[in-house]
Every structure is written in structure tokens, then in C-alpha cells.
Amino acid sequence: MGVGICKAVNETFPGVPDFICHFHFLRDVGKDFLEPAYSRIRNRLKSFSATTELRALIRQMRQSLGQSPDLPLLVDAVNTKTPPHNAEMLPSLFAYSLALWALQGKNNGNGYGFPFDRPLLEFTERMLELDRYLPRLLEHPCGLEDDQKPLRVLAKKISNVANDPELIQATTELRWRVEVFDDLRNAMRIATPDENNGLNDDGSAETMSTIRQGVEKFRNRLDKESRLADDPLCIKMARQIDKYGEKLFADPISVASPQGMVTIYPQRTNNILERFFRDLRRGHRRRTGNNSMRRTLQAMIADTPLVKNLDNPEYMEAEVSLFLPAQQAQQCWSDRF
């Protein structure tokens, strides 16, 4: 979708239809649509050092809990809801668990990366939930009257962040923008919110006409709903859909083959190369322990990536068929397997 790439394609392949990967289209549109509100959340969390403060509290609680010889019994008491032998440790255990739960929100996601995954939004949502929950726990301590200091410390740290007006405003805005963006993901039938395939997602097996109708319906919604029609970022999203609409939906191609006419459905995503380099990098890191593979790539023969085709039985069968008569190729293929 870059200007330079589009110009290069037009000059190199004049008159040849070119299309855009659905996954990358969604990623680019989503970044433009969600990044402003997401950046505001990121900046507000940094201003409060929210992650650092919670981690420091977790370390402090872990040290105090680790000094108790009855910690396993205390954990069992919480899990089984039976009276604990060492009840004075419960506030520290509760504070430790709740802080850990809030911080774990930063690891939330389905493996797609931003804008499909929004871990900072999940982190903020969990702190807002704790801000609503902790006062009720402190009002009804359930036998924790002796020492509630750990819970009060956690409640204070959470409250400082959760009651920031700018953070609340950015979170509220991002919530409804996420709903709009997720509707577009569902319309395009790829990288949907309920999937976690990451780069391995090829999209659902829907006809291109059905996907086109879903996207057109979503596009019309951007004009009809007043809240969306007046929003600058929604207007920009609508323009991007209009600009690249024809490059998103490729009609099936009929090709003459020895077996007759064959209908080919163009791929909806070009993540194949990204998957290849991801696997290549993982293998390199596993073998060498080195995360950088610049020198390895520079020394690699240009056609080396074609070796990956040997993992594809259909490719192997096609290669054999090119050089051998059909009957001989079939016998060769049978002998091989």
C-alpha cells in the first residue's frame, strides 16, 4: 500500500492487475484508526510508571510471602475456602495476586500484534476493574481487619492511575474504536477477534463476493451513522476502503490445463514470505543462539529459499511430472512413498 511500492508495481508490471493482502490492509487501516487513542493510553501509563510500580509491589509482596513457612497451607486455604492457619498473611496474598492479575493484561493477545491485539487496553481495563473492586473489599474485610496495609497500598497505586481523566477519556474512545475496527475484521473474514492464528491465518473459506458485500455494508455504515460520519479517523478509513477497494477483491481466474479449464482463486494474504522468514529466524536462533542473522542472509545463495518447496508434496509431484511421462511419474511417486 506504500506509494513507492504501488509506483514500482505499475512501472514494472504495466497493465497487469495487482491486489493487496487483506491482512496487511487491515493492519495498516487499524493502525491509523486506533493509534492516536492507544498512544494517549501508553503515554498516560508511562507518566504514572504504572508497570514499574506494580512490579515493585509484586516483588515486595513476594518477599514477605516467601518468608512464611505456611505459604503453601495459606494458598490451599484460599483455594478451598477453609479457615487458614496463618490468616494475617491473607492481605499480602490478595494484594500479590491482584497486582499480578492486572500486570498479566499486558501479555494479552492472539498473536497478531497491534492493532489486532491491544495489550495496554487490557492492562488499563484490569486496573479500572480493580479500582471498582478494592474499595468494596476494604469495606468488607471478611476477617482481614488486623492488617490491610498491602491492600491499601495496592488500592492507592491503582486509584492514582485509574482516576486520571485523560486516561479514562482515551480508554473510552479506544473502546468504541475497537468495536468499529473489529466489525471490519469480521466483514473481511480474516484475523477475526475470535481467532488466534496470527500470521498463519489465511482467512475463512468465504467467496470473494460474500466478503465484498460485507465490506460494502461496513463502508455504508461509516456514512450513515452520525457518530462515524463526523469522525475524522472514520472518514480516513472510508477513503482507504474506497481507494483500495478494487485491489482487495480479485475475481476467480480460469486457466487452461491438460485436464481442462481450472478455476484458480487468488490468495487473500501474502503472509507466506513472512512465515518463511519467521521460521528461518527461529531455526537460526535455535542452532546458533544468535538473534541476528544478517551475515547468514548475506552469504546465502539467492535460490536457497526455494528448498522450502521440497516440503510440499504437491510441488514435488508437479516437478516430477514436468520431466517424466505421466505414467512413469505416477510410478516414481508411488515408489517414493
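Everything below is about the structure shown above.
Quick caveat: nothing in here was measured; it's all calculated off a predicted structure.

Caption draft 1: Seen up close, the overall build of the protein. If you tally the helices and strands in the protein, you get 15 helices and two strands. In the protein, which comprises 337 residues, the share counted as buried stands at 35%. In the protein, of all internal contacts separated by at least 6 residues, the share reaching a separation of at least 24 is 68%.

Caption draft 2: Representation of the packing of helix H5 (residues 90–104) against helix H6 (residues 119–139). Between H5 and H6, the shortest axis-to-axis distance is 7 Å and the interhelical angle comes to 150°. Judged on the interaxial angle alone, H6 and H5 are roughly antiparallel. Residues Leu98, Trp101, Ala102, Leu103 and Gln104 of H5 form the contact with H6, whose participating residues are Phe123, Arg126, Met127, Glu129, Leu130, Tyr133 and Leu134. Here the contact of H5 with H6 is composed, by residue class, of nine nonpolar, one polar and two charged.

Caption draft 3: Just the side chain of Arg185, in detail. Among the structural elements, Arg185 can be located in helix H8 (residues 165–188). In this structure, Arg185 is in contact with Leu26, Tyr112, Phe116, Arg118, Ile190, Ala191, Thr192 and Pro193, ignoring residues within four places of it in sequence.

Caption draft 4: Representation of a nonpolar patch on the surface. A contiguous nonpolar surface patch, about 280 Å² in accessible area, is contributed by Ile253, Val255, Val262 and Ile264. At the level of secondary structure, the elements contributing two or more residues to the nonpolar patch comprise strand E1 (253–257) and strand E2 (260–264). As for its placement among the helices and strands, Ile253 is situated in strand E1. What makes Ile253 partly exposed here is its relative accessible area of 44%.

Caption draft 5: Structural view of the pattern of salt bridges. Going through the model one piece at a time under the given rule, you end up with 18 salt bridges. Between Asp182 and Arg185 there is a salt bridge; the shortest N-O distance is 2.9 Å. Taken together, the positions of Asp182 and Arg185, both in helix H8 and three residues apart, correspond to about one turn of that helix. The exposure classification of Asp182 matches that of Arg185, with both residues buried.

Caption draft 6: Fine view of the side chain of Asp164. Among the structural elements, Asp164 can be located in the loop between helix H7 (149–162) and H8. Polar side-chain contacts of Asp164 include one of 2.9 Å to the backbone nitrogen of Leu167. Excluding its chain neighbours within four sequence positions, the residues that come into contact with Asp164 are Arg44 and Phe48.

Caption draft 7: Expanded view of H7. In this model, H7 (14 residues) spans 20 Å end to end at C-alpha, consistent with the 20 Å of a helix rising 1.5 Å per residue. For H7, every residue scored as buried is listed here: Pro150, Leu151, Leu154, Ala155, Ile158, Val161 and Ala162. Considered in projection along H7, the buried side chains sweep an arc of 130° and stay on one side of the axis. In this structure, H7 carries Lys149 and Lys156 as exposed residues pointing more than 90 degrees from its buried face.

Caption draft 8: Representation of the layout of surface pockets in the model. For the largest pocket, the calculated volume is near 660 Å³. Looking at the largest pocket, it is lined by 25 residues, and the ones nearest its centre are Asp18, Phe19, Ile20, Cys21 and Asn270. For the lining of the largest pocket, the secondary-structure elements that each account for two or more residues are helix H1 (3–12), helix H2 (22–48) and helix H11 (232–248). Split by residue class, the lining of the largest pocket holds 15 nonpolar, six polar and four charged.

Caption draft 9: Spatial organisation of the packing of aromatic side chains. Counted under the stated rule, the structure contains six aromatic pairs. With centroids separated by 5.6 Å and ring planes inclined at 50°, the aromatic side chains of Tyr112 and Phe116 adopt a geometry described as tilted. Accessibility expressed as a relative area gives 3% for Phe116, which makes it buried. Through pairs of rings, three or more aromatic residues link up here, namely Phe23, Tyr112, Phe116 and Phe181. Across the ring face of Phe33, the terminal group of Arg177 is positioned such that the distance to the ring centre comes to 5.1 Å. Here the guanidinium or amino end of Arg185 rests over the ring plane of Tyr112, the centre of that ring lying 6.0 Å away.

Caption draft 10: Broad picture of the environment of Lys149. Of note, Lys149 is situated in helix H7. Through-space distance from the C-alpha of Lys149 to that of Ala95 is 9.4 Å; in sequence the pair is 54 residues apart.

Caption draft 11: Quick peek at unusual backbone geometry. A cis amide bond, omega 10°, links Phe114 with the succeeding residue Pro115. Among the secondary structure elements, Pro115 is positioned in the loop between H5 and H6. Not every positive phi belongs to a glycine, and Ser49 is a case in point at roughly 50°. Structurally, Ser49 can be placed in the loop between H2 and helix H3 (50–66). Phi is positive for Ala191, close to 50°, though the residue is something other than glycine. Among the secondary structure elements, Ala191 is positioned in the loop between H8 and helix H9 (208–224).

About the criteria used
Residues numbered from 1 in each chain as written. Predicted model: local features only at pLDDT ≥ 70, side-chain atom pairs only at ≥ 80, totals over all residues. Heavy atoms only, no water. Helix = DSSP H or I, 4+ residues; strand = E, 2+ residues; numbered from the N terminus. Buried < 20%, exposed > 50% of the residue type's maximum accessible area, 1.4 Å probe, protein only. Contact = heavy atoms within 4.5 Å. Axes fitted to C-alpha atoms, helices over the stretch in contact; angles between N-to-C directions. Parallel < 35°, antiparallel > 145°, perpendicular 65-115°, else oblique. Nonpolar A, V, L, I, M, F, W, Y, C, P; charged D, E, K, R; others polar. Patch = residues over 30% accessible without salt bridge, like charges linked within 9 Å, V, L, I, M, F, W, Y side chains within 5 Å. Areas by Shrake-Rupley, 256 points an atom, 1.4 Å probe, with all protein chains shown as cover. Salt bridge = Lys/Arg side-chain N within 4 Å of Asp/Glu carboxyl O. Polar contact = N/O pair within 3.5 Å; in protein donor to acceptor, adjacent residues only side chain to side chain. Expected span 1.5 Å × (residues − 1). Arc of directions from axis to C-beta. 1 Å grid on protein atoms, 1.4 Å probe; cavity = no way out; pocket = protein on both sides within 12 Å on 5 of 7 lines; lining within 4 Å. Points joined across faces, edges and corners; volume = space filled by probe spheres on them. Phe/Tyr/Trp six-rings, centres within 6.5 Å; stacked < 30°, edge-to-face > 60°. Lys NZ or Arg CZ within 6 Å of the ring centre and 35° of its normal.

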